[in-house]
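Structural overview for review
What follows is the residue order along each chain.
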Amino acid sequence: AAGAGFALRHSALGRALPHAVGARVPLAAALLLALVPVALLRLSSSGLPFAGTRATLSHAAGASRSKLSLAATKDKVKEDKKQEQDEKAQPRGAESVKIATRAEDYAQWYLDVIAAADLISDAPVRGCKVLRPNGFAIWENIQRFMDPKLRKMGVQNAYFPLLIPVSFLAKEAAHVEGFAKECAVVTHHRLKSVPAEMGPDGKMKLASVDVDPDSKLAEPFVVRPTSETIVWHMYGQWIKSYTDLPLKMNQWVNVMRWEMRTRPFLRSSEFLWQEGHTAHATKEDADQQARDALKLYIELAQDQLALPLFPGRKSDRERFAGADETYTIEALAQNGMAIQAGTSHFLGQNFAKAFDVTFETQEQTKEFVWATSWGVSTRLIGAIIMAHSDDTGIILPPVVAATQVVILPMFSKDPAIQANVLKAAEDLRDTLENNGIRVDIDYRVDVRPGAKFFTYERRGVPLRLELGPRDLEEGIAMGKRRTGGDKVKIQLSNAVEEVRAQLDGVLKDLRGRSDALRERLTTRIHSREEFDARLKEREIGMMKVPWGGNDEDEEKLQEDTGITLRCYPLQQDPVPEGEVCPLTGKPSRIWALFAKAY
């Protein structure tokens, strides 16, 4: 069948077939006319005796024309329509996804952008997703950026167990309270086979598996929600003297938090992250380490990912369970909601005391160790999508894009010219790849250029290069940024520098848009009336308030309005003397940022 189809497509009759159909020759007759000579050709070439081929072919064709009935033609038309309806009913993959606009349905737009970019698929486990290659590549590139930076900070990669004894969590009271409701618990260590049997209703029950009640664990385990407890259990075995400090480790792992409401990348039951854990001899060193980790996150999120960012310090109520201080980077989505994009915690001596981790000082006294922990996760991918993407699809900063440049060789009917174009495209790819740029070539010659442009715009490729015969004669490729603007000429003789300049231009475009978004959606609040009026806006954004409230005031505000205190900005303007908090009526003491958040 495949051979017959190929022969049909490349035969004179095959090329004429669409014209025959257009001239109202019955489709079944046209197909039969095409396939009969192909079948005879196959028989003849196989060595079978076939005398009088031309006469027989002519006779067969004539007979076919006379015997095809109107009823058969109608049946074929019905069959074709049914097939067309069935095909329309089937999912066609990422390229068929129709993306809702941000204005009409922001939440659906977000899901559509993810689907159109082929980032994830649903998993058979509630709240979990499969990261497809396009999605996982973004996370891999975040790792590639961060790992060298972590090594410069003296941090080493390690791995700690996925399962943590429940008793470990109980050692730090605030910590267990913060995570108790999110923990997945392992209580047994094996299954047993259940044979097929006849049920009391007379129906046969199929063979299955069940938990073996005899395999109950002496102590249950939680599936890692975070690793402070297991890390500090081990640090207690490794740290004995001031010479063992500082001790800095990081791991790239998955964690499980049993979320009730999930949203791809932003909140899921299982997600990927890096978590750093450090131990120090002094409070000052530990707090500086937590701040240094935050600086790295700012460099990643603000400088490389171009997110509209608000670095700050969490309130007591929002601080990490078991921490003395939590530093944060808060990103702003295009709909005015906040996203906690990364946190760094100064843990004080809380975990050292819980796990009795002490060290001998130079003065030969015993002291508890000071600690930090810090992490960013695949939530960053959600922040990127919500901050940068448009109604066409995802827009990715070059540093994390799986493909930074796609080369599109234009089609030529002349085989020799086509070969030259493809060779030039491959040479260009090799040159760029040898200089650390991630490049793909789209070899499809049966797809129109417009359809290719559409594909790579939805995948968020930062730069596309079009290369045709005329471009090759000029020694150029035509470049187009995903962020828009006119096409530009890229000299093939200077491709590396000019492509890098265009990628830098994409990042500059994104930074400019983020700065404008942050400026437009940040409002300074002077009265409760201004605050309430802002809540009625479609895009609330960040509200900067001269805050004077406490934990109870903060909790009540959230219950009444759904607004949370995101952070106290690291860069603080002086609070005017005598300023009164517009939300509590108490004396203002610090500027705070409030927003609705994911």
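So, here's what we can say about the structure. (Residues numbered from 1 in each chain as written. Predicted model: local features only at pLDDT ≥ 70, side-chain atom pairs only at ≥ 80, totals over all residues. Heavy atoms only, no water.)

1. Thoughts on the overall build of the protein
When its secondary structure is counted, the protein shows 19 helices and 27 strands. Out of the 598 residues belonging to the protein, those deemed buried represent 44%. When contacts within the protein are restricted to residue pairs at least 6 apart in sequence, long-range pairs at least 24 apart make up 68% of them. Here the protein displays about 30900 Å² of accessible surface, and carbon together with sulfur accounts for 52% of that area. (Helix = DSSP H or I, 4+ residues; strand = E, 2+ residues; numbered from the N terminus. Buried < 20%, exposed > 50% of the residue type's maximum accessible area, 1.4 Å probe, protein only. Contact = heavy atoms within 4.5 Å. Areas by Shrake-Rupley, 256 points an atom, 1.4 Å probe, with all protein chains shown as cover.)

2. So, a nonpolar patch on the surface
Taken together, the side chains of Tyr 159, Leu 162 and Leu 163 define a hydrophobic patch exposed on the protein surface, amounting to about 280 Å² of accessible area. Tracing the chain through its elements places Leu 163 in strand E4 (residues 163-165). (Patch = residues over 30% accessible without salt bridge, like charges linked within 9 Å, V, L, I, M, F, W, Y side chains within 5 Å. Salt bridge = Lys/Arg side-chain N within 4 Å of Asp/Glu carboxyl O.)

3. Considerations on the packing of aromatic side chains
According to the stated counting rule, one finds ten aromatic pairs in the structure shown. When the centroid spacing of 5.6 Å and the interplanar angle of 70 degrees are considered together, the rings of Trp 139 and Trp 252 count as edge-to-face. A residue pair is termed long-range when its members are at least 10 positions apart, and Trp 139 in helix H7 (residues 133-152) and Trp 252 in strand E11 (residues 247-256) qualify at 113 residues. Connected via pairs of aromatic rings, a cluster forms that spans Phe 160, Trp 232, Tyr 235 and Trp 238. Taking NZ or CZ as reference, Arg 524 lies 4.5 Å from the ring centre of Trp 591, over its face. Positioned over the ring face of Trp 591 is Lys 544, at 5.6 Å from the centre of the ring. (Phe/Tyr/Trp six-rings, centres within 6.5 Å; stacked < 30°, edge-to-face > 60°. Lys NZ or Arg CZ within 6 Å of the ring centre and 35° of its normal.)

4. Remarks on the packing of helix H14 (residues 415-433) against helix H17 (residues 495-520)
Orientation of H14 relative to H17, taken along the N-to-C sense of each, is 70 degrees, at an axis distance of 10 Å. Between H14 and H17, the angle is such that the two are roughly perpendicular. Of H17, the residues touching H14 (which contributes Leu 428, Thr 431 and Leu 432) are Ala 495, Val 496 and Val 499. A class-by-class count of the residues in the contact of H14 with H17 yields five nonpolar, one polar and no charged. (Axes fitted to C-alpha atoms, helices over the stretch in contact; angles between N-to-C directions. Parallel < 35°, antiparallel > 145°, perpendicular 65-115°, else oblique. Nonpolar A, V, L, I, M, F, W, Y, C, P; charged D, E, K, R; others polar.)

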